[in-house]
Amino acid sequence: MRDIQKILAFCKNHKQFTVFCILALVVIGAAVFAPVIANHNPYEAVIAKAEQPPDANHWFGTDKLGRDLFSRVIYGTRTSLTSALLLVVITLFAGSALGIFAGYFGGVTDSVIMRISDVMISFPGLVLAIAIAGILGPSLLNAVIAIVAVSWTKYARLARSLVLRIKHKDYMLAAVLTGSKTGYILRNYICKMTMPILIVTAATDMGTMMLEIAALSFLGFGAQPPVPEWGMMLSEGRAYLQTAPWMMFFPGLAVFIVVAVFNLLGDSLRDILDPLSD
Amino acid sequence: MLEIQNITVNYNKSGKPAVENFSLAVEQGEICCLVGESGSGKTSVIRAVIGNLSGQGRVVQGDIFFEDEPLLSYTSNDWRKIYGTEISMIFQDTGAMLNPIRTIGSQFVEYIRAHRAYSRKEAWEKGVQMLERTCLPDGERIMKSYPFQLSGGMKQRVGIAFAMVFKPKLLLADEPTSALDITTQAQMIRQMMKLREEYGTSIIMITHNLALAAYMSDHIVVMKDGKIADSGDRNHILHNSQAEYTKKLLSAVPSLGGYYYV
Amino acid sequence: MFEPDDLIIEARHLTKSYQLSRYRFLTACDDVSLNFYKNRTLGIVGESGCGKSTFMRMAVGLEKPTSGEILFHGKNITERKGEELRLSRRHIQMIFQDPGEAFHPRMKVKEIICEPLFNFNQIKKSEMASKARELLEMVELPGSFAERYPHDMSGGQRQRIGIARALALEPEVIICDEITSALDVSVQQTIVQLLLDLQKRKQISIGFISHDLALVQQFAHQIAVMYLGNVVEILSGKEVSTKAAHPYTQALLDSIFDLHMDFSKEIVSMDSEIPSPLNVPEGCPFQNRCIHCMDVCRAEKPELWETEPDHLVACHQFKHFKYREDK
């Protein structure tokens, strides 16, 4: 009972965050309950019904192969969310780990990791991602790998600067002097102090990551047909913009709404946790 | 010259006041030290005088008169006229308040010209003179230096030079020597007392060092929990005081050749 | 006073210099030799730039000396690293100056003071509560403090937590780095008293670093005065106010504001500045500010000569007073 009251009080104090939380949950709900919400099979192609405008049966109309657009958009939520989540998690852990090692151990480790990161940063992100995806071959997984390769640097640099900020504090010295092992220090001191900020940064990046995947898919380097993915659907619909505008409109709207929701959620999360002081 | 009449300072409407019923009168040329431990309210008193209480601090009762002017009703414009020229203040880290990317000279000239209409050349001369008065060797060289080229003690003396350049009637000092080495501290205190002799400036200084207060001041006020626990001259505080707290403080101060533990 | 059997740590000719560029060196510590004895307090006093912090860091193994050696019960431990170094930390612990920064912001008191024991597998998780209580009792804090966080406590209480943590492993040596500087005067007394009581009970050797000579001379069996990386005088705390011989020590004593000083006299202060550690002159480091400076002072650096039992001075004035040959 007390816990529910606490949660309600929290929600009242942070209205913006609560609203976006609920919207995000709606989006996630759409992904989880896709089979229930979608009224058609997203892969079922009925050529005779191709390029039909929205009507009572096909709420969003049909695409060039006669597949129900509404179902494809709903199932697209699954694709986008899972790939974005995978992307964020891998980037967060890989980037942070490298940044923490660079910051804590310094010396050669620091130089090597930071120079590699400098090289990666000097490339325009999307271009490099396209190059990598092109080399590896177009697929959703390879798109994820390509974006990880480009985005880890942000977390590495952030993690490194956070470590440097606390490395020379008295309590870190005390940990060494009281005989703590390096692994223990990294887990209980460094990670505990840096992870909160890194996780919040990752949460606010969800929206951006989804957009990157959609962009790669739009260009043909990400999800491949017949997987329902909004970016790819936008690309397929481009040729039909004059004749069947709904083929671009609805996937575009979906991208817009979901990315906006997650971006705003991340912003309000950061507002709550700001100032991030220990 | 300065009269603090029964002030009470509060930072938090419902909580305990930081300063309660504090009164003090300082004559021209007098040095007065406020001594106390942390939380005694001594900083709040000084900040109330200079009109710079932090946060939600307010003087909720009492008056402060400087040469019969009511300081509590001063506006920012009024303060601008007297701050730096009639009343000045130095802090524990006054040296650190210097802009690190500009030379001392450029900051000093700007400071001087902000208060009085001097030409650049006149202001520079005045600056050099003042620096040498605070026993900084080679004022010209100091004016051309950057803050990072000076030691902590030297920077603190630059701070004093800024504060004293217009020969203010009153100098407020908030633990100006606490962050300095012992030998530098002795230099600084000698300096401040010389300036009092030369210019007749009154000084109100906060310190936690009772012996320093005894050395330097004509009048000592011991504070505890926002109230005056004891006050009097050196003789009274060191030898004749009956106040419990004063006796406690006196016994806690380590003394050369005094009590030994081992 | 100092039995050779009681010698725990011997620092011999420790030097630490940093190379800033091809020809510029910063010598933070120059040929410093000091000893830590059981149940005795060594006070290290000096102003900024004197090298006391650097010496301390070398003594606890946080930094390797450029030259010189450290002996622990006769064994050379200077070159230890890795796991061997970690294991040797059991014997020498430290208490820090700023009680606000000395503890992990998210750990409770019981976790903080038992952490050293967990690091060496000396207690199990189930024993943490009772061990914490035991340690808190030793530093005269109530057992309920175990569940609190240090930032909820006063400076004096936090410093007691620091002492408790340092005691957890029952070390032979505890180094105190300006532990009283951030405390009020009345609290300083209680902390010092607590420390000395614990010293007597546990026969600990204490290294007390401070700039407050008046405080340290009240309880240090031996005080080493440092200036620009050199030890200039070593004598017992009791004798500092009467028998200090080195001109720098005397200057320090003259600069102290003391309750029993002669208030009618102006306080003596040296009008010169402490030179930068980058510019330590040849010969005696104090030559530019010393009123007794002679020609030999500019040419030759004085060694620590023993002028009386347990009183060493690094000054050419006393070279002829040696009462026995240098060991």
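If you're wondering where the values come from, they're calculated on a predicted model, not measured in any experiment.

Q: It is not clear to me how the interface of chain C and chain B should be interpreted in this structure. Could you clarify?
A: For interface size, the figure often reported is the accessible area lost on association. Taken together, the contact between chain C and chain B spans 34 residues of the former and 36 residues of the latter. Listed by contribution, the elements that provide at least two residues to the side of chain C that touches chain B are α6 (185–202), α7 (213–216), α8 (240–243) and α9 (247–255) of chain C. Considering only residue class, the side of chain C that touches chain B consists of 15 nonpolar, 12 polar and 7 charged.

Q: What am I meant to see in helix α8 (residues 170–177) of chain A here?
A: Residue pairs three or four apart in sequence face the same way in an α-helix, which turns once every 3.6 residues. For α8 of chain A, the complete set of buried residues consists of Tyr171, Met172, Ala174, Ala175 and Leu177 of chain A. Tucked into the core, α8 of chain A has its buried residues touching α7 (140–167) and α9 (182–218) of chain A together with β6 (92–95) of chain C. Just past α8 of chain A, the residue Gly179 of chain A takes up positive phi, approximately 85°.

Q: Sorry if this is basic, but what is going on with the sheet that holds strand β2 (residues 19–26) of chain B here?
A: Each strand in a sheet pairs with its neighbour through backbone hydrogen bonds, running either in the same direction (parallel) or in the opposite one (antiparallel). Residues and elements named next belong to chain B. In spatial order, the strands read β2-β1-β4-β5; together these 4 strands make up an open sheet with antiparallel pairing. Single-partner strands in this sheet number two, and they are β2 and β5 (69–70). Note that strand β4 (residues 58–66) and β5 share 2 bridges and pair antiparallel. Residue pairing across strands places Phe65 opposite Pro70, the latter belonging to β5.

Q: Whenever I open this one, the pairing of strand β9 (residues 219–224) of chain B confuses me. Can you help?
A: Residues in a regular strand project their side chains so that they alternate between the two faces of the sheet. All names here are of chain B. With 6 of its 6 residues buried, β9 lies for the most part within the structure. Taking every second residue as pointing to the same face, both faces of β9 are buried, with His219, Val221 and Met223 on one and Ile220, Val222 and Lys224 on the other. With 5 bridges connecting them, strand β3 (residues 31–36) and β9 associate as parallel partners. The residue bridging Gly36 from the neighbouring strand is Met223, located in β9. Where β9 meets strand β10 (residues 227–232), 5 bridges bridge the pair, whose relative direction is antiparallel. Across the sheet, Lys224 pairs through a bridge with Lys227, a residue of β10. In this structure, the hairpin formed by β9 and β10 is closed by a connection of 2 residues, where Asp225 is found at a positive phi of approximately 50°.

Q: Could you clarify how one ought to interpret the packing of helix α4 (residues 69–105) of chain A against helix α11 (residues 246–273) of chain A in this entry?
A: Packed helices, taken two at a time, are described by the angle between their axes plus the distance between the axes. All names here are of chain A. Packing of α4 against α11 leaves a shortest axis separation of 10 Å and a crossing angle of 35°. Crossing of α4 over α11 shows right-handed handedness. Facing α4, whose interface residues are Leu69, Val73, Gly76 and Ser80, α11 presents Trp246, Met247, Phe250, Pro251, Ala254 and Val258. Residue classes in the contact of α4 with α11 are distributed as 8 nonpolar, 2 polar and no charged.

Q: Help me understand the arrangement of the chains in this model?
A: Where 2 pairs of chains are in contact, the pair with the most contacts is made of chains B and C. Across the gap from chain A to chain B, with no contact made, the nearest C-alpha atoms are 18 Å apart.

Q: Looking at this structure, I do not really get α9 of chain C. What am I missing?
A: The buried fraction of α9 of chain C is high, at 7 of 9 residues. Inspection of α9 of chain C places Pro247, Tyr248, Thr249, Ala251, Leu252, Leu253 and Ser255 of chain C among the buried residues, and these make up the whole buried set. As for α9 of chain C, its buried residues are in contact with α7 (182–199) of chain B together with α7, β9 (222–227), β10 (230–235) and α8 of chain C.

Q: Can you help me understand the pairing of β10 of chain C in this one?
A: Residue and element names in this part refer to chain C. With 6 of 6 residues buried, β10 lies mostly within the body of the structure. Pairing geometry for β9 and β10, over 5 bridges, is antiparallel. The residue of β10 that forms the bridge with Val225 is Glu233. Remark: 2 residues form the turn of the hairpin made by β9 and β10, two consecutive strands paired antiparallel; Leu228 in that turn has positive phi of roughly 50°.

Q: Would you mind going over unusual backbone geometry with me for this structure?
A: Here Pro225 of chain A and Pro226 of chain A are connected by a cis peptide whose omega angle stands at 5°. Of note, Pro226 of chain A is situated in the loop between α9 and α10 (230–237). In this structure, Glu67 of chain B takes a positive phi of about 50° despite not being glycine. Looking at the element boundaries, Glu67 of chain B is found in the loop between β4 and β5. Positive phi, normally seen in glycine, also occurs at Asn39 of chain C, with a value near 60°. Relative to the elements of secondary structure, Asn39 of chain C occurs in the loop between β2 (25–37) and β3 (41–45). The class for Asn39 of chain C is partly exposed, based on 15 C-beta atoms found within 10 Å.

Reading guide: rules and limits
Residues numbered from 1 in each chain as written. Chains lettered and ligands numbered in written order. Predicted model: local features only at pLDDT ≥ 70, side-chain atom pairs only at ≥ 80, totals over all residues. Contact = placed C-beta atoms within 7 Å. Helix = DSSP H or I, 4+ residues; strand = E, 2+ residues; numbered from the N terminus. Nonpolar A, V, L, I, M, F, W, Y, C, P; charged D, E, K, R; others polar. Buried ≥ 20, exposed ≤ 12 C-beta atoms within 10 Å, placed from the backbone. Pairing = 2+ DSSP bridges. Axes fitted to C-alpha atoms, helices over the stretch in contact; angles between N-to-C directions. Left-handed = near helix turned anticlockwise from the far one by under 90°.

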